[in-house]
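# Overview (structure and organization)
Each chain, letter by letter, is given below.
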Amino acid sequence: LAGFMLAFVTSLDDVVITGNEAVGEGGGLLSYLGSLSVTDSVISGNTAGTGAAGAKVGEQASGAEVEISDTEISGNTLYCSVNPCRAGGIAMVGGEIEDSTISGNYAPGAYAGGLDLIAGATATDVTVADNRSGSNGGGVAMSGSGSLLSSSTVSDNFTYRGGGGVFVESSGNSILDTTISGNEASLGGGGINVEGDLTMRRATVADNDAGLEGGGV
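For clarity, every value in this text was computed on a predicted model and none was experimentally measured. (Residues numbered from 1 in each chain as written. Predicted model: local features only at pLDDT ≥ 70, side-chain atom pairs only at ≥ 80, totals over all residues. Heavy atoms only, no water.)

### Side note on the pattern of salt bridges
As a working rule, side chains carrying opposite charge can pair if their charged atoms are close by. One pass over the full model with this rule turns up four salt bridges. Close ionic contact of Lys56 with Glu25 constitutes a salt bridge, the shortest N to O distance being 3.0 Å. A residue pair is termed long-range when its members are at least 10 positions apart, and Lys56 in strand S9 (residues 55-58) and Glu25 in the loop between strand S4 (21-22) and strand S5 (29-31) qualify at 31 residues. Note on Glu25: relative accessible area 35%, which makes it partly exposed. In this structure, the salt-bridge partner of Asp177 is Arg202, at a minimum N-O distance of 2.7 Å. One end of the pair, Asp177, is in the loop between strand S24 (173-176) and strand S25 (179-181); the other, Arg202, is in the loop between strand S28 (198-201) and strand S29 (204-206), with 25 residues separating them in the sequence. Taking the relative accessible area as the measure of exposure, Asp177 reaches 35% and is therefore partly exposed. Connected via shared salt-bridge partners are Arg86, Asp116 and Glu169. (Salt bridge = Lys/Arg side-chain N within 4 Å of Asp/Glu carboxyl O. Helix = DSSP H or I, 4+ residues; strand = E, 2+ residues; numbered from the N terminus. Buried < 20%, exposed > 50% of the residue type's maximum accessible area, 1.4 Å probe, protein only.)

Right under this line is the structure:
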């Protein structure tokens, strides 16, 4: 399928979005204002120039709801080298993603190789693995406040800056019941780099590596 740009209530089930390109945001999928449901789908091999190579989705209108489940987001590339470009895989402004895999995405000059959780977005039972970023957050970035990463695995991600697994950019975010392991950062925070306050409970941070300081956190 060609890339999608959506502004109203939409449901996508058992859909493959691949091989698309956007000069701006949302190489595979861009959804704003309206509600969106994505289930049992694949978003892979897409590229973008300014943000969110796989998908950018948001709850930016009153009453809008975004839900993504049982979906693979993989092998997308964000060609952007001017901050604050974000998300090789998917950027979520609110909404929820669950039971999904985000892997093998690449953002050589940007934040969040795999997943960018913004302003109250939630990720549950998600695997974020083998993503790479040139800026902070090899696997996951959390910005704004009120975002939650729970019951998930963040592993084998890499960044040339801080937060090989997770980069927490601002205060008021939470990580619960999550394993963060085998990630690497060239600078600080091989597992997690925190710039703000973070609530973390029942989490495992193990076998991460940092080039300068804070191998784990």
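### Regarding the pairing of strand S17 (residues 122-129)
In terms of burial, S17 is a largely internal element, six of the eight residues being buried. Direction of pairing for strand S14 (residues 96-103) relative to S17: parallel, over a ladder of seven bridges. Counted as the bridge partner of Ser103 is Ala129 from S17. Pairing geometry for S17 and strand S20 (residues 148-150), over three bridges, is parallel. Bridged to Ala123 within S20 is Leu149. In this sheet, strand S21 (residues 153-155) lies alongside S17 in parallel orientation, the contact comprising three bridges. Paired with Ala129 across the bridge in S21 is Ser155. (Pairing = 2+ DSSP bridges.)

### Digging into the packing of aromatic side chains
Here the structure, examined in full by the defined rule, presents two aromatic pairs. Each ring, one from Tyr111 and one from Phe167, has its centre 5.8 Å from the other, and the planes form 55°; the classification is tilted. Taken together, the positions of Tyr111 in the loop between strand S15 (106-107) and strand S16 (115-118) and Phe167 in strand S23 (residues 166-168) put the pair 56 residues apart, joining distant regions of the chain. Given the relative accessible area of 13%, Tyr111 is considered buried. For the pair Phe158 and Tyr160, a centre-to-centre distance of 4.8 Å together with 85° between the ring planes defines the contact as edge-to-face. For Phe158, a relative accessible area of 13% corresponds to the buried category. The lysine or arginine in question, Arg86, covers the ring of Tyr111, its NZ or CZ lying 4.7 Å from the ring centre. (Phe/Tyr/Trp six-rings, centres within 6.5 Å; stacked < 30°, edge-to-face > 60°. Lys NZ or Arg CZ within 6 Å of the ring centre and 35° of its normal.)

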